[in-house]
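Spelled out, the chains give:
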Amino acid sequence: MKKLALHWKIIIGMVAGVLFGLLGAELEWKTFIVDWIKPFGVIFLSSLKLIAIPLILASLIKGVSDLKDMSKLSKMGGRTVGIYLMTTVLAVVLGLLAVNLIQPGANIDPDVVAKLQVAYGGDANAKIEMASNQKTGGPLQALIDLVPQNIFNAAADNGNMLQVIFFAIFFGIGLILAPEEKVKPVKDFFDGFNEVVLKMIDLIMLYAPIGVFALLASIIVEAPSADIFQALGKYAVTLLLVLGIMTFAVYPTLVSVFTGRSYGSFFKGIAPAQLLAFSTSSSAATLPVTMERTEEHLGVDSEVASFVLPIGATVNMDGTSAYQAVAAVFIAQVFGMELTLMQQIGIIATATLASIGSAAVPSAGIVMLVIVLEQLGLGQQMAAGIALVFAVDRPLDMCRTVVNVTGDATVAMLVAKSVDKLHEPEVRNWDDHYKEE
Ligand code: ASP
């Protein structure tokens, strides 16, 4: 019998997880699911996070040093950053258009607002505090934070991925510039290290269907009640519309126009990464799979993928930026605040920067929303505003992470095409990798 493809196994795991979660909620099995099922999801998530830093180090050092010359690096670097910025700004603009047209915050029931504030005020304050810890001395703090003082400290915290990226690119540049015969053993070491990490990812992915089953069952059983979802329905639908347009129209169109690849082949290639992004709510945890799919199933040369994708997972968050724009304007609408055109244009800049600054982990977007709200002059209503959107944040986080990951893969394809490094994909799947042994 033909073996089931990985994305089908993951879909079956997800659907079974949702059904089991709904059944568990109905039969009041919450404690059982949290104690006995959720840990298998947590282990899956931890193993993906475990591999993220070694993967970034190995693949970026290998990727940069494979380029062999600095002009290639700066060409690719410039295109990567340029296209990433363009897609992010596009997402924010779409978000602003939708939230202004649909006006989800216009007629919201004040009772619901009060109820949400009682329920989520504490959580909101915790997020605001996290944001103020991240907050900066001066306007160039983000630049200062990019350069680690110590690579081991940086690599010891998954929230510091940008610093690890900085080190890896810097190290790769050193490898390019040093005399080839002297650094060959170092380069061979990182090539080999990269292979080992990729094998570890194959092994983790064999466990993915069980992992997503456990994650989704526990998310469902821990979710707030349905009437809260209804009250925030219009806001959620507005954002989902924007995320849907990005995923199903903007990215495949960009791919088809610039690379000639069909809609179907793009989704077939990237689907497992999207499903995993949805289940884990973390671009960083999904990165190993995004890389594997983009290289092997979308045909992006590893030279490009290993440079573009780790950076993208950390800084390119189109779903998060659209979310921050929609949520900020929604909160302003609920509190009856009219935003001027200039303020809305300001959101384009702040949401773009806030999404770049968001870590690639669950709920990072809502922490950085604080900064967008502050810029808008909603400091007074901050706690109330965050409490308002908190209840539906997890499902929206799952969806915006799908957009973040799809955006990274799209840009990797565009950059690869522009430097003539997009090949016909060589299709293998995880089961085959495993069978090769
Ligand atoms: N969870 C998102 C990600 O990892 C970030 C966010 O919270 O928007 O891409």
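Note: the structure precedes this text.
Reading the values: rules and limits
Residues numbered from 1 in each chain as written. Predicted model: local features only at pLDDT ≥ 70, side-chain atom pairs only at ≥ 80, totals over all residues. Heavy atoms only, no water. Helix = DSSP H or I, 4+ residues; strand = E, 2+ residues; numbered from the N terminus. Rg over C-alpha atoms; globule rule 2.2 N^0.38 Å. Buried < 20%, exposed > 50% of the residue type's maximum accessible area, 1.4 Å probe, protein only. Contact = heavy atoms within 4.5 Å. Areas by Shrake-Rupley, 256 points an atom, 1.4 Å probe, with all protein chains shown as cover. Lys, Arg positive; Asp, Glu negative; His and termini not counted. Charge placed at Lys NZ, Arg CZ, Asp CG, Glu CD. Salt bridge = Lys/Arg side-chain N within 4 Å of Asp/Glu carboxyl O. Near = heavy atom within 4 Å. Nonpolar A, V, L, I, M, F, W, Y, C, P; charged D, E, K, R; others polar. Axes fitted to C-alpha atoms, helices over the stretch in contact; angles between N-to-C directions. Parallel < 35°, antiparallel > 145°, perpendicular 65-115°, else oblique. Left-handed = near helix turned anticlockwise from the far one by under 90°. Core = buried A, V, L, I, M, F, W, Y, C linked by side-chain atoms within 4.5 Å. Patch = residues over 30% accessible without salt bridge, like charges linked within 9 Å, V, L, I, M, F, W, Y side chains within 5 Å.

Caption draft 1: Seen up close, the overall build of the protein chain. Along the protein chain, the regular secondary structure elements total 20 helices and zero strands. Computed over C-alpha atoms, the radius of gyration of the protein chain comes to 22 Å, within 12% of the 22 Å expected from 2.2 N^0.38 for 437 residues, which places it in the range of a compact globule. For the protein chain, the residues scored as buried account for 52% of the 437 residues in total. Pairs at least 24 residues apart make up 85% of the contacts formed inside the protein chain by residues separated by at least 6 positions. Working note: accessible area of the protein chain is about 19,200 Å², and carbon and sulfur atoms make up 66% of it. Positive and negative side-chain charges of the protein chain, numbering 28 and 37 respectively, have mean locations separated by a distance of 5 Å.

Caption draft 2: Molecular detail of the pattern of salt bridges. Here the structure, examined in full by the defined rule, presents nine salt bridges. Ionic contacts of the salt-bridge type, sharing partners, join the residues K62, D66, K187 and D191 into one network.

Caption draft 3: Geometry of the site of the ligand. Contacts to the ligand come from 15 residues, most closely from S283, T320, G365, D397 and R400. Isolated, the ligand exposes 270 Å² of accessible area, and the fraction of that covered by the protein chains is 100%. When residues of the shell around the ligand are traced back to their parent elements, those giving at least two are α17 (364-375) and α19 (393-418). A per-class count over the shell around the ligand returns five nonpolar, eight polar and two charged.

Caption draft 4: Geometry of the environment of G211. Tracing the sequence through the fold places G211 in helix α9 (residues 208-221). On a C-alpha basis, the gap between G211 and V42 in space is 7.8 Å, while along the polypeptide they are 169 residues apart. Residues contacting G211, with those up to four places away along its chain left out, are F40, G41 and F44.

Caption draft 5: Quick look at the packing of helix α11 (residues 233-259) against helix α15 (residues 318-334). Two numbers describe how α11 lies on α15: the axes approach to 10 Å, and their chain directions differ by 150°. Taken as axis vectors, α11 and α15 run roughly antiparallel relative to one another. Crossing of α11 over α15 shows right-handed handedness. Mapping the contact onto sequence places Y235, T238, L239, V242, L243, M246 and Y251 in α11 and D318, G319, A322, Y323, V326, A327 and F330 in α15. Within the contact of α11 with α15, the residues separate by chemical class into 11 nonpolar, two polar and one charged.

Caption draft 6: Fine view of the nonpolar core. Ranked by internal contacts, the top residues of the largest apolar core, which has 132 residues, are Y235, F307, F330, I347 and L369. Setting aside chain neighbours within four positions, we find F330 in contact with V99, P104, G105, I108, L232, Y235, L388 and V389. Ranked by size, the runner-up nonpolar core spans five residues in total, among them I33, A214, A217 and V221.

Caption draft 7: Inspection of a positive patch on the surface at higher detail. Taken together, the side chains of K68, K72, K75 and R79 define a basic patch exposed on the protein surface. Counting through the fold element by element, R79 comes out in helix α3 (residues 70-102).

Caption draft 8: Layout of the environment of L94. With respect to the element layout, L94 can be found in helix α3. With 152 residues separating them along the chain, L94 and M246 place their C-alpha atoms 8.8 Å apart. Ignoring anything within four residues of it in the chain, the contact list for L94 reads V242, I245, M246 and V250.

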